[in-house]
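The lines below spell out each chain.
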Amino acid sequence: MAKPAPAPAEPAPAADFEHSLDELEQLVARMEGGELSLDESLASFERGIGLYRHCQQALEQAELRVRLLLDPEAPDSAEPFEPEL
């Protein structure tokens, strides 16, 4: 019996985030250019909302990972990272 083909590897979360953010920036630039039809603008807006939500979710997951690393016993009490000036 033939083995099923392995599932394609998913991109790393950081790479996926970067790709989504880049696509979102390109969509915004095209929409700001004002050369899209109404239908194209609506489709771009809908795609942009999906990309925005994906990026927001990736950022929230990254924040949770950082909180877990800072204090695995009580991630909710972890202090937000403040860069030194």
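Everything below is about the structure shown above.
The structure presented is a predicted model; accordingly, all values stated were derived computationally and were not measured.

(A) Inspection of the overall build of the protein chain at higher detail. From N to C terminus, the protein chain includes two helices and zero strands. Scored against the burial criterion, the 85 residues of the protein chain give a buried share of 12%. Carbon and sulfur atoms provide 58% of the accessible area of the protein chain, an area that totals close to 7600 Å².

(B) Up close: the environment of E25. With respect to the helices and strands, E25 occurs in helix α1 (residues 13–33). Taking the C-alpha atoms as reference points, E25 and G48, 23 residues apart in sequence, are found 8.8 Å from one another.

(C) Broad picture of the pattern of salt bridges. Evaluation of the coordinates by the stated rule reveals two salt bridges. Measuring nitrogen to oxygen at the nearest pair gives 2.9 Å for the salt bridge that ties E23 to R47. A residue pair is termed long-range when its members are at least 10 positions apart, and E23 in helix α1 and R47 in helix α2 (residues 38–70) qualify at 24 residues. Exposure remark for E23: the relative accessible area of 24% places this residue in the partly exposed category. With its nearest N and O atoms 3.2 Å apart, the salt bridge here joins R67 to E63.

(D) Geometry of the side chain of S44. Checked against the element boundaries, S44 lands in helix α2. In contact with S44, other than residues within four places in its own chain, are L27, M31 and L36.

(E) Expanded view of the environment of R30. Mapped onto the elements of the fold, R30 is located in helix α1. Spatially, the C-alpha atom of R30 lies 8.9 Å from that of S41, the residues being eleven residues apart in sequence. Residue contacts for R30: discarding those within four places in its chain leaves E35 and L36.

Parameters and conventions
Residues numbered from 1 in each chain as written. Predicted model: local features only at pLDDT ≥ 70, side-chain atom pairs only at ≥ 80, totals over all residues. Heavy atoms only, no water. Helix = DSSP H or I, 4+ residues; strand = E, 2+ residues; numbered from the N terminus. Buried < 20%, exposed > 50% of the residue type's maximum accessible area, 1.4 Å probe, protein only. Areas by Shrake-Rupley, 256 points an atom, 1.4 Å probe, with all protein chains shown as cover. Salt bridge = Lys/Arg side-chain N within 4 Å of Asp/Glu carboxyl O. Contact = heavy atoms within 4.5 Å.

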